[in-house]
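Chain residues, written in single-letter form:
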Amino acid sequence: MIGLPHYLLLGAVVFSIGVFGVLTRRNAVAVLMSVELMLNAVNINFVAANKFMAVGTAVGQLFSVFVIVVAAAEIAVGLALVISIYRQRGTVDLHDFNLLKW
Amino acid sequence: MIEFSGLSLYDAVFTAAAGVTVTAALGVVLFRNIIYSALSLVLAFLGVAAIYFQLNAGFLGVIQILVYAGAISVLIIFAIMLVMNRPAGRTNLTSPRTREVFTGGTITAMMLTALIAAIGLSDWPKTVLLKGADDTVGMLAELMLGDYVVAFEAAAILLLVAVVGAIILAKGVENK
């Protein structure tokens, strides 16, 4: 029987995949996609904990909605930044992003 | 509920959705072509939506498909097409510095081990049987426009500011 630990395990695995992507990819858009994976893993945990530990309420789902809102804002600003930097430097390689260094 | 060899339909749906999600998530970080990565990300979003539906969170599942699999993935694919400057098969390479990859893999493995150990060693409440659909939309609406109305309005302002900021950033400032 599938219980809460299985959902948490799924969340942990997806989150770890996202962390691996953030740490090892060199394309800035790929890093943003990995961040989205991590946020999704967190949402799975919220909804599963809501279902199994707060029966009859929807607070966990509400938090998931807010996470989705913040993720949408984050991806919009993040991609705009990437496009803006690409226009200046002609690359999306994270190793070439050193505009704030002097 | 349909039972076959101790595996209920709910369990089968969870297993299938979790398998799709994890495989697609691995695809996001392992494909060398970033367009494949983006399409794999859509599949991962749909897998997560299936998990939501399986958890009786129907509203959230619909939101997931609309916002993530619909809007955000289109945004990502547009951005990818705007910033492609090399052959597609070489757009999503692993960092060339092996030390970086090694460090990243080690950190990830250690974190995953710790998380799995924490999940395995904790006492979890006994599994409640997943029953029919709750009125999640009504409950969410009452929470959102009741106790959490300030957070709701703050989220609305955040979205407005983020959209305006994104437009200004992507449009670029004209030098006078």
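Residues numbered from 1 in each chain as written. Chains lettered and ligands numbered in written order. Predicted model: local features only at pLDDT ≥ 70, side-chain atom pairs only at ≥ 80, totals over all residues. Heavy atoms only, no water.

Quick look at the overall build of chain B
Item 1. Check the secondary structure of chain B and you find six helices and two strands.
Item 2. Going from N to C terminus, chain B has its helices and strands arranged as β-β-α-α-α-α-α-α.
Item 3. Every one of the 176 residues in chain B was classed for burial, and the buried ones make up 32%.
Item 4. Restricting the contact set of chain B to residue pairs at least 6 apart, pairs at least 24 apart contribute 55%.
Item 5. About 10300 Å² of surface is accessible on chain B, with carbon and sulfur atoms providing 73% of the total. (Helix = DSSP H or I, 4+ residues; strand = E, 2+ residues; numbered from the N terminus. Buried < 20%, exposed > 50% of the residue type's maximum accessible area, 1.4 Å probe, protein only. Contact = heavy atoms within 4.5 Å. Areas by Shrake-Rupley, 256 points an atom, 1.4 Å probe, with all protein chains shown as cover.)

Focus: unusual backbone geometry
Residues and elements named next belong to chain B.
Item 1. Phi at Asn56 takes a positive value of approximately 65°, unusual for a residue other than glycine.
Item 2. Mapped onto the secondary structure, Asn56 falls in the loop between α2 (34–54) and α3 (58–82).
Item 3. Residue classification places Asn56 among the buried residues on the basis of a relative accessible area of 15%.

Some details on the nonpolar core
Item 1. Residues Tyr7, Val29 and Leu37 of chain A together with Ile51 and Ile76 of chain B are the most contacted members of the largest nonpolar core, which totals 65 residues.
Item 2. Only α1 (4–24), α2 (28–53) and α3 (59–89) of chain A together with α1 (9–30), α2, α3 and α5 (136–144) of chain B provide two or more residues apiece to this core.
Item 3. Counting residues per element, this core draws most heavily on α3 of chain A, at 12 residues.
Item 4. Among the domains, domain 1 (1–112) and domain 2 (126–176) of chain B are the pair contributing at least three residues each to this core.
Item 5. Ignoring any residue separated from it by four or fewer positions in sequence, one finds Leu37 of chain A in contact with Val14, Ile17 and Gly18 of chain A together with Ala25, Val28, Leu41 and Ala44 of chain B. (Core = buried A, V, L, I, M, F, W, Y, C linked by side-chain atoms within 4.5 Å. Domains from an automatic or database assignment.)

Thoughts on the confidence of the model for chain B
Regions with low pLDDT carry predicted coordinates that are not meant to be interpreted in detail.
All names here are of chain B.
Item 1. Confidence in the prediction of chain B, expressed as mean pLDDT, is 86, and 89% of residues score 70 or more.
Item 2. α2 holds the highest mean pLDDT among the elements of chain B, 94, whereas strand β1 (residues 3–4) holds the lowest, 51.
Item 3. Scored by ipTM, the complex comes to 0.92, with pTM at 0.90. (pLDDT = per-residue confidence, 0-100.)

Considering the packing of aromatic side chains
Item 1. On inspection of all chains with the given rule, the structure shows six aromatic pairs over all chains.
Item 2. Pairing Phe46 of chain A with Phe63 of chain A gives two aromatic rings, centres 5.7 Å apart and planes at 35°, and the pair type is tilted. With Phe46 of chain A in helix α2 and Phe63 of chain A in helix α3, the pair connects residues that are 17 residues apart, well separated along the chain.
Item 3. On the basis of an interplanar angle of 40° and a centroid distance of 4.6 Å, the ring pair of Phe45 of chain B and Tyr68 of chain B is categorised as tilted. (Phe/Tyr/Trp six-rings, centres within 6.5 Å; stacked < 30°, edge-to-face > 60°.)

Remarks on empty space enclosed by the protein
Item 1. With the rule as written, the count across this model stands at one cavity of 30 Å³ or more.
Item 2. In this model, the largest cavity occupies a volume close to 130 Å³.
Item 3. Together, 16 residues line the largest cavity, and Asn27 and Val92 of chain A together with Asn85, Arg86 and Thr91 of chain B are the ones closest to its centre.
Item 4. Broken down by class, the residue content of the lining of the largest cavity amounts to seven nonpolar, five polar and four charged. (1 Å grid on protein atoms, 1.4 Å probe; cavity = no way out; pocket = protein on both sides within 12 Å on 5 of 7 lines; lining within 4 Å. Points joined across faces, edges and corners; volume = space filled by probe spheres on them. Nonpolar A, V, L, I, M, F, W, Y, C, P; charged D, E, K, R; others polar.)

A short note on the side chain of Asn33 of chain B
Residues and elements named next belong to chain B.
Item 1. Mapping Asn33 onto the fold places it in the loop between α1 and α2.
Item 2. Judged by relative accessible area, which is 12%, Asn33 ranks as buried.
Item 3. A polar side-chain atom of Asn33 sits 3.0 Å from the main-chain amide nitrogen of Ile35.
Item 4. Once residues lying within four places of it in the same chain are set aside, the contact partners of Asn33 are Ala88, Gly89, Thr91 and Asn92. (Polar contact = N/O pair within 3.5 Å; in protein donor to acceptor, adjacent residues only side chain to side chain.)

Some thoughts on the interface of chain A and chain B
Item 1. Chain A puts 72 residues into the contact, and the matching count from chain B is 81 residues.
Item 2. Between chain A and chain B, roughly 6900 Å² of surface is buried when both sides are summed, and carbon and sulfur atoms account for 77% of that area.
Item 3. Three residues, Arg25, Met33 and Lys51 of chain A, lead the burial of chain A against chain B; their summed loss comes to 10% of the area buried on that side.
Item 4. The tally of links between chain A and chain B comes to zero salt bridges.
Item 5. In this structure, the connection of chain A to chain B is made through five residue pairs in polar contact (both at pLDDT 80 or more).
Item 6. Counting residues per element, the ones that place at least two in the side of chain A that touches chain B are α1, α2 and α3 of chain A.
Item 7. No other element matches α3 of chain A, which puts 24 residues into the side of chain A that touches chain B.
Item 8. Of the residues belonging to the side of chain A that touches chain B, the class tally is 49 nonpolar, 17 polar and six charged. (Buried area = accessible area lost by both parts, 1.4 Å probe. Salt bridge = Lys/Arg side-chain N within 4 Å of Asp/Glu carboxyl O.)

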